[in-house]
Protein chains: 2
Amino acid sequence: MPQKFIVIIAGGRGERFWPQSRTARPKHLLPIVGTTPLLAQTLARVKGLVPVKNIFVITGAAQAKAVRAVCRNLPAANIVAEPLGRDTAAAVGLAAALVGARDALGVFAVLPADHVVRDTGAYQADLRAAFAAAAAEPVMVTIGITPTEPATGFGYIQRGAAWKIFAGQALYRAKRFVEKPALAVAEQYLAAGGYVWNAGMFVWSVSVVGAALARLAPELDVGLAPVRAALARGRSLAPVLKKAYPKLPKISVDYALLEKSDNVVVLPASFDWDDVGAWPAVVKHGASDAAGNVTRGFAVVEQGKNNLVFAEGGHLVAVLGTDDLVVIHTADATLVCPKGRAQEIKALLKRVEALKGGARWL
Amino acid sequence: MPQKFIVIIAGGRGERFWPQSRTARPKHLLPIVGTTPLLAQTLARVKGLVPVKNIFVITGAAQAKAVRAVCRNLPAANIVAEPLGRDTAAAVGLAAALVGARDALGVFAVLPADHVVRDTGAYQADLRAAFAAAAAEPVMVTIGITPTEPATGFGYIQRGAAWKIFAGQALYRAKRFVEKPALAVAEQYLAAGGYVWNAGMFVWSVSVVGAALARLAPELDVGLAPVRAALARGRSLAPVLKKAYPKLPKISVDYALLEKSDNVVVLPASFDWDDVGAWPAVVKHGASDAAGNVTRGFAVVEQGKNNLVFAEGGHLVAVLGTDDLVVIHTADATLVCPKGRAQEIKALLKRVEALKGGARWL
């Protein structure tokens, strides 16, 4: 029997939840929803699916220290820091190398660290079915999310014919990948049915990923060869990664592998899911007052509705006469923006960066 | 020749400029406009008009310490703290007592501490003319502000016939006092002409005020008798005030004296004037960027116009995609409100007060 592994991708640049999130403290390290960091929630959610020693976390250099603090119950060697970001294909290649060094026949799930899922039972059942499929057949299993709105921020996968059933769950062939669509197109998908969101959750075997890399992304495959060699010889990984990473192509796993493969299958998720993409998404996870205001800390809203107001460290944030406003106060920086503009924080952070000494707030 | 005195009224509850202003640190103690407290600006503005020893400041108990710090060049005895607020008639009565103890024939100006005036030359020229009138005739001189808009936050005085000329300035009889009018009424006044704002600036003699108090506000006059006695005997003032003040009627000088007197004259101000009534009024005194944003401290506005954004103590306030918003950050509290709602801070502060331990922010 092949061993099962889980590789949690804990990256991200910490922009969308600024000022709570920062380069060294991105979303997955924060209790954006709930009371523990989203990474800790992700670790708790997979508990029992695989042995603890079979859980890896791939993160970035700037965040590694904080990630280790959250992952204290994992073996230290299982937390691997990429020296610089090289998009998801490189991370998947690194994951395959890490898992392959333990079990060349292993199957592994790639899971983002910063999503919110409440139904842990359904989540684990889906992953078990996906593991079974990936262990039995040379496929790339994507766990697809049934769309609840015509979102333009996700890639879509069109389901093809039913393929097989594992652990009581039907899997489908993937017919087509679509990158983030325009609103009108997304609306058509929703109306047509049969589309799922690509949420970055994949289950596959080391051999399937290895073969795909060799065939479809040879530069990446060759670039990661020294990493595999170091792992095989039990050498220290950090210096090898530092040398190898700058040369790796920067490309997403969707572009590099999935869109070009004919062995992708879709398992429609049976659990609730939210990627909590920006501040306004936090509202639906928080308790609101009668006027729809969601607050945390010492926050007061007078004559206003549907505001999101967070205050840290005993500071008071008092909001008067505004609706649909996001006000996030932290120890050294405060954000004020309408909910409808929260997706544009990047432009704001460019302005912050341009301030004298502005990097201190990033 | 009667001596001239100036009595600066430095009171107020510090609500309209919350959270910068607080009970113990109201508007006149803050550099709301400019770089020094408005009280310091007022002191600088009257410099040379009267000897320093002839300048009094009347303030409240909670603010006295901070007021003394601003008024270091005045004799300590000239800063008098009211044990509790009893409106402006009591303060004027106290002022008359203080001045009368120095010179029973003295004339004195009552001036608010928290207005903004840039043309010091014109301001002093007007006060000199008012002093001359009050020294020569038994009148109550009010310095009236020519309205620039149909403001509903001030009382209006209708000018009557030209009365006399002092120091080259024409003074007019006061025909009628009108309390804060409705907008339509204020608009009529502006269209009609001949109305000025009552800005709380008065010049008169001790004897005129004393006679008016005795005739029109005998309770106040009797209530302040122990204060005059203590001053005459060189006794310590604080215990006498503490005993006398709670019994004084709480009434404005406009109601108590001016509206009922037939010896009120108006000197139309020849200087610029702004009482800077609330946060939005600060905008016209600050340098703005191309989009009309006025900022202080580390403040960034991206894609927004006509915002007022203050940040204290190295904290960054970043505003994205809002117009006409007031964001005031201080060390322990932050206010967010549209400019059009800034007059309603009182309601907000009631909510703050209701918080557990909320008094700490007032």
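As the structure is a computational prediction, the values presented were derived from the model and not from experiment.

Participant: Could you give an account of the sheet that holds strand β14 (residues 325–329) of chain A, naming the residues involved and the relevant values?
Facilitator: Pairing in this open sheet of 6 strands is mixed, and the strands run β10(A)-β12(A)-β14(A)-β15(A)-β13(B)-β11(B) from one edge to the other. The open sheet terminates on both sides in strands that have one partner only, identified here as β10 (294–296) of chain A together with β11 (298–302) of chain B. Neighbouring strand axes in the sheet, compared pairwise and without regard to direction, differ in orientation by 5 degrees on average. Sheet analysis places β10(A) next to strand β12 (residues 308–310) of chain A, joined by 3 bridges and oriented parallel. Of the residues in β12(A), the one forming a bridge with Arg296(A) is Phe310(A). Most of the contacts of helix α12 (residues 345–354) of chain A go to β11(B), to which it runs at about 140 degrees, and overall it touches β11 and β13 (316–320) of chain B.

Participant: Which residues make up the pairing of strand β6 (residues 155–166) of chain A, and what values do they have?
Facilitator: All names here are of chain A. The sheet contact formed by β6 and strand β8 (residues 195–205) spans 4 bridges and is antiparallel. Counted as the bridge partner of Gln158 is Tyr195 from β8. Here β6 runs beside strand β7 (residues 169–178); their pairing, made up of 8 bridges, is antiparallel. In the strand pairing of β7, Phe166 is matched with Gln169. Here β6 hands over to β7 after 2 residues, with Ala167 in that stretch at a positive phi of 50 degrees.

Participant: Describe the packing of helix α3 (residues 87–102) of chain A against helix α8 (residues 225–232) of chain A, and please don't skip the residues or the numbers.
Facilitator: Pairs of packed helices are described in terms of their axes, by the angle between the two and the distance that separates them. Residues and elements named next belong to chain A. Contact geometry for α3 and α8: axes closest at 9 Å, N-to-C directions at 25 degrees. One element, α3, and the other, α8, form an angle in the roughly parallel class. When you trace α3 past α8, the crossing you get is right-handed. Between α3 and α8, the residues in contact are Leu94, Ala97, Leu98, Gly100 and Ala101 and Val227, Arg228, Leu231 and Ala232, respectively. Tallied by class, residues from the contact of α3 with α8 come to 7 nonpolar, 1 polar and 1 charged.

Participant: Quick one: what's the story with the interface of chain B and chain A, residue by residue and with numbers?
Facilitator: Taken residue by residue, the interface counts 30 residues in chain B and 30 residues in chain A. Listed by contribution, the elements that provide at least two residues to the side of chain B that touches chain A are β11, β13, β14 (325–329), β15 (333–338) and α12 (345–354) of chain B. Element by element, the count of residues in the side of chain B that touches chain A is highest for β15(B), at 6 residues. Class assignment for the residues of the side of chain B that touches chain A results in 20 nonpolar, 5 polar and 5 charged.

Participant: If you had to explain α3(A) to someone new, which residues and values would you point to?
Facilitator: With 16 residues, α3(A) extends 24 Å between its outermost C-alpha atoms, agreeing within 8% with the 22 Å of an ideal straight helix rising 1.5 Å per residue. Among the 16 residues that make up α3(A), 13 are buried, leaving the element largely enclosed by the rest of the structure.

Participant: Can you tell me about the relation of the copies chain B and chain A, naming the residues and giving the values?
Facilitator: Superposing chain B onto chain A takes a rotation of 179 degrees combined with a translation of 0.0 Å along the rotation axis, leaving an RMSD of 0.1 Å. Both copies are brought into coincidence by an operation consistent with a two-fold rotation axis. Judged by C-alpha distance, Val336(B) is the residue of chain B that lies nearest the rotation axis, at 4.2 Å. Of the interface residues in chain B, 100% have counterparts in chain A that sit at the interface too, so the contact is made through matching surfaces.

Participant: Hey, could you go over unusual backbone geometry for me, with residue numbers and the actual values?
Facilitator: A negative phi holds for most residues other than glycine; trans holds for most peptide bonds. Residues Trp18(A) and Pro19(A) are joined by a peptide bond in cis, for which omega reads 5 degrees. Turning to its location among the elements, Pro19(A) is positioned in the loop between β1 (4–10) and α1 (38–45). Positive phi, close to 45 degrees, is recorded for Val276(A), a residue that is not glycine. Inspection of the secondary structure puts Val276(A) in the loop between β9 (264–268) and α11 (279–282). Since 19 C-beta atoms lie within 10 Å of it, Val276(A) is described here as partly exposed. Non-glycine residue Asn306(B) carries a positive phi angle of around 60 degrees. As for its position among the elements, Asn306(B) is in the loop between β11 and β12 (308–310).

What counts as what
Residues numbered from 1 in each chain as written. Chains lettered and ligands numbered in written order. Predicted model: local features only at pLDDT ≥ 70, side-chain atom pairs only at ≥ 80, totals over all residues. Pairing = 2+ DSSP bridges. Helix = DSSP H or I, 4+ residues; strand = E, 2+ residues; numbered from the N terminus. Axes fitted to C-alpha atoms, helices over the stretch in contact; angles between N-to-C directions. Contact = placed C-beta atoms within 7 Å. Parallel < 35°, antiparallel > 145°, perpendicular 65-115°, else oblique. Left-handed = near helix turned anticlockwise from the far one by under 90°. Nonpolar A, V, L, I, M, F, W, Y, C, P; charged D, E, K, R; others polar. Expected span 1.5 Å × (residues − 1). Buried ≥ 20, exposed ≤ 12 C-beta atoms within 10 Å, placed from the backbone. Least-squares fit on C-alpha atoms with pLDDT ≥ 70 in both.

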